[in-house]
Amino acid sequence: MRLGNFLFRRLLLSIFVIFGLSIVIFVIARVVPGDPARLALGPRAPADVVQRLREEMYLDKPLPVQYYYWIKGVFSGDFGRSLVTKRPVLEDIKEYLPATMELAIFAGILMVIFAILLGVLAARFRDTWIDGLIRILSYFGVAIPAFVVAVIFMMVFGYFWPVLPALGRLSQGISPPQTITGMLTLDSLIQGNFVVFWDSLKHLVLPAVALSLGGLFQEARITRSSMVDNMHKDFLAAERGYGIPERVIMFKYLLKPSLIPTASVMGLDFASLLGNAFLVEMIFNWPGISRYGISAMLHKDLNAISAVIIIFGAVFVVVNIIVDIIVALLDPRIRLSTARGT
């Protein structure tokens with residue numbers, strides 16, 4: 001019951017965070033120099049047409065009035081009309097968000113699996129050449145930006161060694177499955193279309209790996225460091241005294257408490273994948289929400305900019321709540337303090 005109250009308080013606080021974020025981004029988007037109506041219609045548009053668009057977008061009103069009309073539309077599911085695509089922003093989000101979510105989920109899965117494996121491997125063989133190799137790779141993985149890795153992948157696999165597709169979500173000549181979730185791999189699996197599933201999965205590999213490398217190696221370093229710190233704890237000495245094999249101790253008794261700091265970083269890294277994906281999506285011609293957001297910023301598409309940032313903020317909030325639940329499950333001390341209401 002106490003955990004439920006804790007989550008309710010976090011959810012209530014998150015609503016205020018999203019509300020504050022909406023105010024900040026709304027104000028920033030409108031004080032940046034440039035007339036959105038003029039940018040939308042072009043330099044040769046008549047002044048009366050530009051003025052009419054300003055009135056339709058309430059740009060001739062004070063900022064509080066503009067925000068009132070905008071937030072009123074948001075609560076009714078209307079983010080306004082995009083000045084670039086000439087469509088409702090909500091339709092654009094429904095089209096582009098699933099592609100980015102699919103990319104982020106696949107990159108997140110790679111990040112979690114290989115970060116834990118590399119961290120455990122480095123801790124198990126600490127101070128050996130295996131540990132040294134993983135640490136060197138970690139330095140490079142953290143230091144090199146995702147878009148640089150994407151460019152390298154594009155050059156290697158797109159031109160010199162084309163074993164994996166490097167552009168788009170599907171190969172030419174393959175029809176996408178009927179839209180259910182918008183994620184091609186999931187929709188094709190639901191419909192039993194394994195040809196589309198395999199092709200869309202191959203298209204996911206390069207952008208997902210490029211996007212996940214930085215977080216992957218950072219979490220591997222954190223996992224390794226946490227496991228090394230916990231190796232000499234008393235409870236592990238007791239497990240060894242009972243003659244339990246070292247492999248079982250590593251994965252059953254040592255890994256769980258060592259994942260607490262890693263889980264917190266993993267949550268933030270997963271949420272950051274959405275924001276970090278914009279250059280990766282542009283390089284691999286991936287039709288996602290991050291690429292859509294960058295296009296909106298370049299054209300000062302106010303409604304699209306506000307909607308994209310609100311979505312990213314909501315993802316951060318949801319992921320943080322999920323991370324709190326995971327950490328509470330991993331650490332009994334947190335569950336106990338939550339149950340006491342502290």
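Right above here is the structure, for reference.
Here goes a summary of the coordinates provided. (Residues numbered from 1 in each chain as written. Predicted model: local features only at pLDDT ≥ 70, side-chain atom pairs only at ≥ 80, totals over all residues. Heavy atoms only, no water.)

Digging into the overall build of the protein chain
Helix and strand content of the protein chain: 14 helices and 0 strands. Mapped from its N terminus to its C terminus, the protein chain presents α and β elements in the order α-α-α-α-α-α-α-α-α-α-α-α-α-α. Once local pairs closer than 6 in sequence are excluded, the contacts in the protein chain between residues at least 24 apart make up 71%. Of the roughly 18500 Å² of accessible surface on the protein chain, a fraction of 68% belongs to carbon and sulfur atoms. (Helix = DSSP H or I, 4+ residues; strand = E, 2+ residues; numbered from the N terminus. Contact = heavy atoms within 4.5 Å. Areas by Shrake-Rupley, 256 points an atom, 1.4 Å probe, with all protein chains shown as cover.)

Side note on the nonpolar core
Counting residues in each nonpolar core, the largest one holds 48 residues, and the members touching the most others are Val-89, Ile-93, Phe-153, Leu-211, Phe-284, Ile-289 and Tyr-292. Elements that contribute at least two residues to this core include exactly helix H5 (89-124), helix H7 (146-160), helix H9 (194-230), helix H11 (246-283), helix H12 (289-298) and helix H13 (302-330). It is H13 that provides the largest number of residues to this core, a total of 11 residues. Residue contacts for Phe-284: discarding those within four places in its chain leaves Ala-150, Phe-153, Met-154, Ala-166, Leu-167, Gly-168, Leu-206, Pro-207 and Ala-210. In this structure, Ile-116, Val-120, Ala-123 and Leu-259 belong to the second largest nonpolar core, which totals 11 residues. (Core = buried A, V, L, I, M, F, W, Y, C linked by side-chain atoms within 4.5 Å. Buried < 20%, exposed > 50% of the residue type's maximum accessible area, 1.4 Å probe, protein only.)

Describing the pattern of salt bridges
Pairs can form between side chains of opposite charge whenever their charged atoms are close. Tallied over the entire structure, the rule returns 5 salt bridges. The partner of Arg-87 in a salt bridge is Glu-95, and the shortest N-O contact between them spans 2.6 Å. You can call Glu-95 partly exposed: its relative accessible area is 41%. Of the charged contacts in the structure, one is a salt bridge between Asp-131 and Arg-135, with a shortest N-O distance of 3.9 Å. Placement of both Asp-131 and Arg-135 in helix H6 (residues 129-143) is noted, with a separation of 4 residues, approximately one turn of the helix. When its relative accessible area of 1% is taken as the criterion, Asp-131 is described as buried. Among the charged side chains, a salt-bridge network with shared partners connects Arg-87, Asp-92 and Glu-95. (Salt bridge = Lys/Arg side-chain N within 4 Å of Asp/Glu carboxyl O.)

A word on the side chain of Ser-82
Within the secondary structure layout, Ser-82 lies in the loop between helix H4 (63-75) and H5. Of the residues examined, Ser-82 reaches a relative accessible area of 2% and is grouped as buried.

Let's talk about the packing of aromatic side chains
The full count for this structure, using the stated rule, is 3 aromatic pairs. Positioned above the aromatic ring of Phe-125 is the side chain of Arg-124, whose terminal nitrogen or guanidinium carbon lies 5.4 Å from the ring centre. (Phe/Tyr/Trp six-rings, centres within 6.5 Å; stacked < 30°, edge-to-face > 60°. Lys NZ or Arg CZ within 6 Å of the ring centre and 35° of its normal.)

Observations regarding unusual backbone geometry
Comment: phi is negative for the bulk of residues other than glycine, and the bulk of peptide bonds are trans. In the Ramachandran plot, Asn-285 falls in the positive-phi region, its phi being about 55° despite a non-glycine side chain. By relative accessible area, Asn-285 is classed as partly exposed at 37%.

A short note on the environment of Trp-70
In this fold, Trp-70 is placed in helix H4. Classification of Trp-70 as buried rests on a relative accessible area of 7%. Taking the C-alpha atoms as reference points, Trp-70 and Asn-303, separated by 233 residues in sequence, lie 8.4 Å from one another. When residues no more than four places from it in sequence are discounted, the contact partners of Trp-70 are Ser-22, Phe-26, Phe-79, Asn-303, Ser-306 and Ile-310.

Considering H4
Look at H4: 18 Å from first C-alpha to last across 13 residues, which is about the 18 Å you get at 1.5 Å a residue. Restricting attention to buried positions, one finds in H4 the residues Gln-66, Tyr-67, Trp-70, Ile-71 and Gly-73. One side of H4 carries all its buried residues, which in axial view fall inside an arc of 155°. The outward face of H4, more than 90 degrees from its buried face, is lined by the exposed residues Pro-64 and Phe-75. (Expected span 1.5 Å × (residues − 1). Arc of directions from axis to C-beta.)

Considering the environment of Asp-60
Within the secondary structure layout, Asp-60 lies in the loop between helix H3 (47-56) and H4. The exposure class of Asp-60 is partly exposed, given its relative accessible area of 41%. Leaving out residues up to four positions away in the same chain, Asp-60 has contacts with Gln-51, Arg-54 and Glu-55.

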